[in-house]
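Each chain is listed here by its residues.
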Amino acid sequence: MTMRIIASLALAGAAALAATTAAAQVQLTRAVLSQADYVIGRRAFQMRCSACHSLAEGGTDLTGPNLWAIMGSAPGDGRRPEFVYSDALRAAGIRWTADRMDRFLADPAKDVPANRMAVPEGVPSPDRLALIAFMMLETGGADWPRPELPTVVIDKDRSKPIEERFPSFWNHMMSNTVRYRMVTADGEQVFRAYFNRDGSISSDNDKIRGFWRPDDRDFFCYALYGLPTKPDQLVECFPMVAMSIPRFAEQLWESKPVAGVRLFGGILPGRP
Ligand code: HEC
């Protein structure tokens, strides 16, 4: 079985954000944007945008234009004189605001038909709000301060056990409940999993079992089997550092373990 890196380790403190972005009409006011989760926004940008866009002042155009000073600009207005925009994007009458960006990123192909930004899908909520806020901060378009990020101190000595090297991750995983929602063509299944100190995984569903182990990249890899869906097993890995700031929500990350399956994971406090 191939190890799959979780596609979107969106570690959201996101319940509140989800509520504010559920409806398309929500106004992305400064108050809302300045509260967005910087880490989620950065991760979303790195995963979805950074292959084609740089952000910093003086950055180069890649497949897409550098985005410095994007807010308030219009595609093709001379902000990036070297970049050749599509006629579709230039003619769309866009002047970028947070709300306009929100509409575009939700479904670029539908929002501006025939534009040349080839992304496989729009950016889902609530990541979109965090992504826009992050982009504004990094392109000189925000008037609120960059948040101070909690630093995670990591002991690089691999001879030590992970409970010593990643104590907050360890405590979080070993004392709380992981909630999964697996969505397939046949419907959805919700189950809970408990990662145990002995390397096993148990579940509130008797048929589901699994095991975990850290790998030599400091990823935490685990397998679940006996799932009530097709496929009935999955393997995933994620960087332990990404989970070292404990957060709780029903939905913190999303992955596509195999074609046609979306898996949503979250962490709930405590265990029965
Ligand atoms: C595969 C490459 C690619 C990816 C990935 C990509 N873009 Fe783009 N982007 C482009 C291209 C190309 C254009 C210009 C499109 C056109 O002219 O039709 C563009 C245009 C834009 C514009 C308008 C720029 C301007 O000067 O007005 C914004 C804003 C933007 N992208 C943001 C994003 C964000 C945010 C993401 C991540 C969610 C993203 N893009 C992902 C290639 C990409």
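Before reading on, note that the structure itself is shown above.
Rules and cut-offs
Residues numbered from 1 in each chain as written. Predicted model: local features only at pLDDT ≥ 70, side-chain atom pairs only at ≥ 80, totals over all residues. Axes fitted to C-alpha atoms, helices over the stretch in contact; angles between N-to-C directions. Helix = DSSP H or I, 4+ residues; strand = E, 2+ residues; numbered from the N terminus. Parallel < 35°, antiparallel > 145°, perpendicular 65-115°, else oblique. Contact = placed C-beta atoms within 7 Å. Nonpolar A, V, L, I, M, F, W, Y, C, P; charged D, E, K, R; others polar. Pairing = 2+ DSSP bridges. Core = buried A, V, L, I, M, F, W, Y, C linked by C-beta atoms within 7 Å. Buried ≥ 20, exposed ≤ 12 C-beta atoms within 10 Å, placed from the backbone. Expected span 1.5 Å × (residues − 1).

**Q** Help me understand the packing of helix 3 (residues 38-48) against helix 7 (residues 127-138) in this model?
**A** Packed helix pairs are characterised by how far apart their axes lie and by the angle those axes make with each other. Contact pair helix 3 / helix 7: the axes reach a minimum separation of 7 Å and the direction vectors enclose 90°. In terms of their interaxial angle, helix 3 and helix 7 are classed as roughly perpendicular. On helix 7, the residues that touch Tyr38, Ile40, Gly41, Arg42, Ala44 and Phe45 of helix 3 are Asp127, Ala130, Leu131, Ala133, Phe134 and Met135. When grouped by side-chain class, the residues that make up the contact of helix 3 with helix 7 number nine nonpolar, one polar and two charged.

**Q** What should I look at first to understand the sheet that holds strand 3 (residues 200-203) in this one?
**A** Remark on secondary structure: sheet strands pair via backbone hydrogen bonds, oriented parallel or antiparallel. Judged by pairing direction, the sheet is antiparallel, and its eight strands sit side by side in the order 6-5-4-3-2-1-8-7 without closing on themselves. Each edge of the open sheet carries a strand with a single partner, namely strand 6 (233-239) and strand 7 (249-255). The sheet shows a mean angle of 25° between the axes of neighbouring strands, direction not considered. Sheet topology places strand 5 (residues 219-225) next to strand 6; seven bridges connect them, and they run antiparallel. By the bridge assignment for strand 6, Ala223 is matched with Val235.

**Q** Any chance you could explain the nonpolar core here in plain terms?
**A** When a protein is soluble and globular, its nonpolar side chains tend to lie buried together. Ranked by internal contacts, the top residues of the largest apolar core, which has 26 residues, are Ala130, Leu131, Ile132 and Ala133. Contributing elements (two or more residues each) for this core: helix 3, helix 5 (98-106) and helix 7. No other element matches the nine residues that helix 7 contributes to this core. Counting 22 residues, the second largest nonpolar core, distinct from the first, contains Met173, Leu234, Met240 and Leu263.

**Q** Explain the pairing of strand 1 (residues 177-184) to me, please; I cannot follow it from the model alone.
**A** Look at any regular strand and the pattern is simple: side chains alternate between the two faces of the sheet. Where strand 1 and strand 8 (residues 262-268) come together, seven bridges link them in antiparallel fashion. Directly across from Arg179, in strand 8, lies its bridge partner Gly266. Two strands pair when backbone bridges link them, and strand 1 and strand 2 (residues 187-195) are joined in this way by seven bridges, in the antiparallel orientation. Bridge assignment links Arg179 to a residue of strand 2, and that residue is Arg192. Once strand 1 ends, the chain turns through two residues before running back antiparallel as strand 2.

**Q** What am I meant to see in the pairing of strand 7 here?
**A** Examined bridge by bridge, strand 7 and strand 8 share four bridges and lie antiparallel to one another. Counterpart to Ser255 in the pairing with strand 8 is Leu263. Linking strand 7 to strand 8, which pair antiparallel, is a turn of six residues; within it Gly260 sits at a positive phi near 85°.

**Q** Help me understand helix 5, please; the structure alone is not making it clear to me.
**A** At 3.6 residues per turn, the α-helix brings residues three or four places apart onto the same side. Buried residues of helix 5: Ala98, Met101, Asp102, Phe104 and Leu105, and no others. Where helix 5 is buried, its residues meet helix 2 (30-34), helix 6 (108-111) and helix 7.

**Q** How do you make sense of helix 7 when you look at a structure like this?
**A** For helix 7, spanning 12 residues, the distance from its first C-alpha to its last is 16 Å, which sits close to the expected 16 Å at 1.5 Å a residue. Those residues of helix 7 not exposed but buried are Asp127, Arg128, Leu129, Ala130, Leu131, Ile132, Ala133, Phe134, Met135, Met136, Leu137 and Glu138.

**Q** I keep staring at the environment of Met240 and nothing clicks. Help me out?
**A** For Met240, the position within the fold is in the loop between strand 6 and strand 7. Using a count of 22 C-beta atoms within 10 Å as the deciding quantity, one classes Met240 as buried. Apart from the residues lying within four places of it in its own chain, the contact partners of Met240 are Ile162, Phe166, Phe169, Pro214, Asp218, Phe219 and Phe220.

**Q** Explanation requested: the environment of Trp170 in the structure shown.
**A** Relative to the helices and strands, Trp170 is located in helix 9 (residues 167-175). Looking at Trp170, the number of C-beta atoms within 10 Å reads 20, which means it is buried. C-alpha separation for the pair Trp170 and Arg197, spaced 27 residues apart in sequence, amounts to 8.9 Å.

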